[in-house]
Amino acid sequence: MTVDDAKKISVSYIGDLAHTPPEDVLLVERDEDYVRACRELSATDASTSGLKVWVRSKNYFAWLRDFTEQIGCPAFFSEKTPRLVLAEKWNVVLPDWLTDAEVLDQGLLNIDVKLQAGQTSFSNRLLTHFLGSSLGEDAFNANDLVDVIKALVSAEAKAAFKQYPILYRSLESKCETWAQRSKEAWVKNLCSRIFENTGDLWQWLSLWACLYSYPEKLLEYVLAPEQVLFVRNIPVEAVYDLPLEPTAREQILTQIELLFEEIQNQVTSDEEFRKVLGWTSGRLFQEYHFISKMLGSRQFSPTTEDVQLVQAKFRHCPGVSESSLNSLRHYIAPSRPRLIGQDEKWDSAEWIRWTTEEYTPYRTWQIYNNQYDEELENAVARFSDWFVEEYTAIHKDPNLSLAHCMTDVISSEPEKQLSIILLVDCLPLQFADLLDSALRNVGYSRHDLRYRFAALPTTTEYNKPVLVSGQWQHGPGNYDAILKARAQADWNNTKVVYLNNLKALSELPAPRESTVVLLNFLDGDELLHSDVESKSTSYDEELHRLFARMAASVDRISKEWAGAREHVSVYVVTDHGACRILEEEKQSFDSSVVSKLFPEEKHRFAMLDEKQVGDIPDNLWELGYQFKQPYAPDNNVFFLPRGHNTVRQSSKAKGFLHGGVTPEEVVVPTALYKLVKAAWKAPAARFMALDLIRETGRAKFYIQRVVTVGIEIQNPNPVDIRVLRASVASPETDLKSCDVGIIPAGSVNTIKMNCYFKKAALGEKNLEIEIAYEISGEQHTLTLTLECEFKSAMAGGFSLRDL
């Protein structure tokens, strides 16, 4: 066709094709349409207009042919078949195997595909429309494999193949093209199997993705010899991110469990451990469980490098939280603390340095690995002796006493100030880093860190009123009233807000004027006194979750604060620390007097009137001290245990204890945090497609079945966010699989978690999910809480009428 021909009138008969013509086409199907067409044809420039007319009636088609001849208008007359219409609409060349009947029967004319420059293949148009861009590539490489498999096994793909059978033919054509254009033998072999049975292929590749580095026999147990040969030719990096096919996942777990049960007692050296770690894929929580169990087996001495290798291997593993990875450090034996000489004396600075730098890391390792050290226990007893002896002098020093730590909460500057005091009830040094990380994760930087000495006895009743009031003579009372009196006396009569729980902090409207907000955070103390380890979790894990929630509330208030962000300060203080006791450290005796003196199992001290002192057996006093507060007006005398003596042994006290005079009970951190730089905006998230209970609005989940939880994450930042992993913090859950990926800048993406909620979830009221993500090289954590109810799938009964 010449250029002049292209300008001629085009009249096409389309009959009853159920297709709407493009906007630049005149459709003739009624008399008025025919009249309009004749008017257009009669125009003076009609012969050069390139007008396109589609006609549904044979009569109109013949009349227009006669009319153009009469007026001398050059025109092309043709019949539009379904194939021709489709080719024109999609701007493609149709394959010979596609018939008009298939175009009509499968409704292809009603599909509006996205036209892409340079793409003229019908198969590409069809495949990319239904299955995504990965099926539109002209050549196949290793990087495409995961996307292709995910596209072909999705529920959407199965529905599309069922509705449009020609997809099979298009896929076959695509696979043939890929095979012809590739020089790789594994690609040619793979392409034929993609078309033949994608489901089986997904299963084989899943097995290969996890078992490739394990002993060869594991793969041979689950695949036939020819299948093993096939998968071994596929590059491992091509299947690294492949979601695991459900049946294959169960087969993998079975093989791994059997193998680790067989070798768990054989790993007795650092070299053997690294060999076993090298087997693992790093994709399965069960692998992490076995590896961490080996680290704590005490069959060899793990090094820092061993732990770092494990952390790197399982950094992106679904179900493995950041705090769990960090807690692996407890298996590394630190250097033994220097022991104080028999005639040596240390001052407060040296005891603080020793406690923070040497003793606390080693003591933490002792507890996690149940390692008793008699010489170190003698050093702890020396600390107890020193502190009781120097008690009065220490607490007169404003730089050492915990009672003086909140003097400078409000400065004399005229600008509006927001001071948030996080009074964390019971914060041992070993867990202070967890709170530090939580605040850093929401954009705070630490400006000050000091170590101070708590008052005796190291319990809330005697320490917290003094801490809040700043007065030694202050006894128990209403904290709200104590706080207001403190503001009037020391903080320029600044407005104060007292909050007694985390919920109150999360609901607090951001202040509009200078304010001191004090959160009395009791959750950590209650947690440390409980036996969390019997619930297959750890104190690190649970405190990390609590501190993350607290930091999120602090972050929200600071962002809504009416004043300048640089005038927001967060103070972290605590009333005392806590300790755990090894079995060998327990010293006590059976006595009715002892039982009466120690009614509270979580406390290590006893209180009695001065008149009762003579009634106490001498052998009890040998285990500790008679202590009387130098500033207290009452006649109370306290028994304080020396070192880690427990005095009263109780089978109920499984967690942390306090009330004694050990370094971990007495030496506590205080810190100041500020927003010194703009932090990355935290991503927002929402749960997708929830099954809500009409009466309560809570989400409903069933236990003991695989439930998909979809979370859409919004990235408000100008750079991408990479989701590293997602885990269910509560309730107890087996995370079967989790799709994570990139959340583009200024956009959203959805992660899907396939969760198997265990029977223990019944009665739980919240689903808590922790999402670890990375932005611009910085790692952060997003904690989500959803109010919900967990039900049994059979809770409502069963009837044949339900079928």
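Above this text is the structure in question.
Because the structure is a prediction, the values reported are computed rather than measured. (Residues numbered from 1 in each chain as written. Predicted model: local features only at pLDDT ≥ 70, side-chain atom pairs only at ≥ 80, totals over all residues. Heavy atoms only, no water.)

Draft legend 1. Seen up close, the packing of helix H9 (residues 166-181) against helix H10 (residues 185-196). Contact pair H9 / H10: the axes reach a minimum separation of 8 Å and the direction vectors enclose 175°. Classed by the angle they form, the pair H9 and H10 counts as roughly antiparallel. For the pair formed by H9 and H10, the contact residues are Tyr168, Leu171, Glu172, Cys175, Trp178, Ala179 and Gln180 on the first element and Val187, Lys188, Cys191, Ile194 and Phe195 on the second. Looking at the contact of H9 with H10, its residues break down into nine nonpolar, one polar and two charged. (Axes fitted to C-alpha atoms, helices over the stretch in contact; angles between N-to-C directions. Helix = DSSP H or I, 4+ residues; strand = E, 2+ residues; numbered from the N terminus. Parallel < 35°, antiparallel > 145°, perpendicular 65-115°, else oblique. Contact = heavy atoms within 4.5 Å. Nonpolar A, V, L, I, M, F, W, Y, C, P; charged D, E, K, R; others polar.)

Draft legend 2. Empty space enclosed by the protein, seen in detail. Taken as a whole and judged by the stated rule, the model has two cavities of 30 Å³ or more. By volume, the largest cavity amounts to about 110 Å³. Around the largest cavity sit 13 residues that line it, and Arg363, Thr364, Gln430, Ala578 and Glu664 are the ones nearest its centre. Broken down by element, the residue count for the lining of the largest cavity peaks at five residues, all from helix H19 (residues 348-369). By volume, the second largest cavity is sized at about 50 Å³. Considering the residues around the second largest cavity, the lining is formed by His395, Ser401, Leu402, Ala403, Phe453, Ala455, Asn463, Val466, Leu467 and Trp472. The dominant element in the lining of the second largest cavity, judged by the number of residues it contributes, is helix H23 (residues 460-469), at three residues. Of the residues that constitute the lining of the second largest cavity, the class distribution is seven nonpolar, three polar and no charged. (1 Å grid on protein atoms, 1.4 Å probe; cavity = no way out; pocket = protein on both sides within 12 Å on 5 of 7 lines; lining within 4 Å. Points joined across faces, edges and corners; volume = space filled by probe spheres on them.)

Draft legend 3. Up close: the packing of aromatic side chains. Applying the stated rule across the entire model yields 43 aromatic pairs. Plain terms: the ring middles of Phe701 and Phe757 are 5.5 Å apart, the flat faces sit at 50° to each other, and that makes the pair tilted. One end of the pair, Phe701, is in strand E15 (residues 699-702); the other, Phe757, is in strand E20 (residues 748-757), with 56 residues separating them in the sequence. Comparing Phe701 with Phe757 shows no difference in burial state: the two are buried. Among the aromatic residues, those joined into a ring-pair cluster are Trp346, Trp351, Trp354, Tyr359, Phe383, Trp386, Phe387, Tyr391, Phe453 and Phe627. Lying across the ring of Phe230, Arg193 places its NZ or CZ 4.5 Å from the centre. Its end group placed over the ring of Tyr702, Arg705 keeps NZ or CZ at 4.8 Å from the ring centre. (Phe/Tyr/Trp six-rings, centres within 6.5 Å; stacked < 30°, edge-to-face > 60°. Buried < 20%, exposed > 50% of the residue type's maximum accessible area, 1.4 Å probe, protein only. Lys NZ or Arg CZ within 6 Å of the ring centre and 35° of its normal.)

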